[in-house]
Amino acid sequence: MAHIDLGVDENRFPGINGPMRFRPETAGPLNALAEALLHAPHPTLSAGERELIAAYVSGLNECVFCCSSHSAFAAAQLDAGMPLVQQVRADLDAADISAKLRALLRIAAAVQQDGRKVTTALVDAARAEGATDLEVHDTVLIAAAFCMYNRYVDGLGTLPAADPAVYEQSAQRIKEHGYGAPA
């Protein structure tokens, strides 16, 4: 049970969904940020790749709800699906992804540890693999935002969904409608 009374059945509204219903005034901007970072059109990074960054950072932060959610969201939007997401989360170096995405995920991992751990060498390595300044910027912002979202969810002690199907259902809603659709 959450540390505060969210006024909802946490089994019906697991993870971030409870706090979003508790404070709709903050839910709007948080969902708008997620929409801009993860779902809105991007010139070079697919929605699946951006969701993968969110899932990867959430896994590093050990946020069960966010990692499960964004792993499902990424899987629903990547041709290789959940096996690829699991590969990336288990062994980034061996995962079957582009060298550019691997370099961007290394930047995301540095942000997760401490933003100051993003070095010129990491950025140069990403650029050497074809990453643009926009891709580096958005990777850093996705990683930083997900550190916040993860701490929001875990700091309030919310419950993750007990049924994995909940994440798959949400993935279809996000894929089709983005982050503006009610949970």
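- As named in an unreviewed UniProt entry, the protein is Carboxymuconolactone decarboxylase family protein, taken from Catellatospora aurea.

Observations concerning the state of the cysteines
At step 1: If you walk through the whole model with that rule in mind, you get zero disulfides.
At step 2: The closest cysteine sulfur to the non-disulfide-bonded Cys63 is located on Cys66, 3.5 Å from its own sulfur.
At step 3: Lacking any disulfide linkage, Cys147 is separated from the closest cysteine sulfur, that of Cys63, by 10 Å.

With respect to helix H8 (residues 133–155)
At step 1: The first and last C-alpha atoms of H8 sit 32 Å apart over 23 residues, in line with the 33 Å expected at 1.5 Å per residue.
At step 2: Inspection of H8 places Glu135, Val136, Asp138, Thr139, Ile142, Ala143, Ala145, Phe146, Cys147, Tyr149, Asn150 and Val153 among the buried residues, and these make up the whole buried set.
At step 3: Considering only its buried residues, H8 is in contact with helix H2 (24–39), helix H3 (47–60), helix H4 (64–77), helix H6 (99–113) and helix H7 (120–128).
At step 4: Once H8 ends, the next one or two residues include Gly157, with phi positive near 70°.

Some thoughts on the packing of H6 against H8
At step 1: For the pair H6 and H8, interaxial distance at closest approach is 9 Å and the crossing angle is 45°. Looking at the two axes, H6 sits oblique to H8. Considering the relative orientation of H6 and H8, their crossing is right-handed. Where H6 abuts H8, its residues Lys100, Leu104, Ile107, Ala108, Val111 and Gln112 lie against Glu135, Val136, Thr139, Val140, Ala143, Ala144, Cys147 and Arg151.
At step 2: Looking at the contact of H6 with H8, its residues break down into nine nonpolar, two polar and three charged.

As for the nonpolar core
At step 1: Formed by 44 residues in total, the largest nonpolar core has its most connected members in Leu52, Val88, Ile97 and Leu105.
At step 2: Going through the elements one at a time, H2, H3, H4, helix H5 (81–90), H6, H8 and helix H9 (164–177) are the ones with two or more residues in this core.

Each value, and the rule that gives it
- Residues numbered from 1 in each chain as written.
- Predicted model: local features only at pLDDT ≥ 70, side-chain atom pairs only at ≥ 80, totals over all residues.
- Heavy atoms only, no water.
- Disulfide = S-S within 2.5 Å.
- Helix = DSSP H or I, 4+ residues; strand = E, 2+ residues; numbered from the N terminus.
- Expected span 1.5 Å × (residues − 1).
- Buried < 20%, exposed > 50% of the residue type's maximum accessible area, 1.4 Å probe, protein only.
- Contact = heavy atoms within 4.5 Å.
- Axes fitted to C-alpha atoms, helices over the stretch in contact; angles between N-to-C directions.
- Parallel < 35°, antiparallel > 145°, perpendicular 65-115°, else oblique.
- Left-handed = near helix turned anticlockwise from the far one by under 90°.
- Nonpolar A, V, L, I, M, F, W, Y, C, P; charged D, E, K, R; others polar.
- Core = buried A, V, L, I, M, F, W, Y, C linked by side-chain atoms within 4.5 Å.

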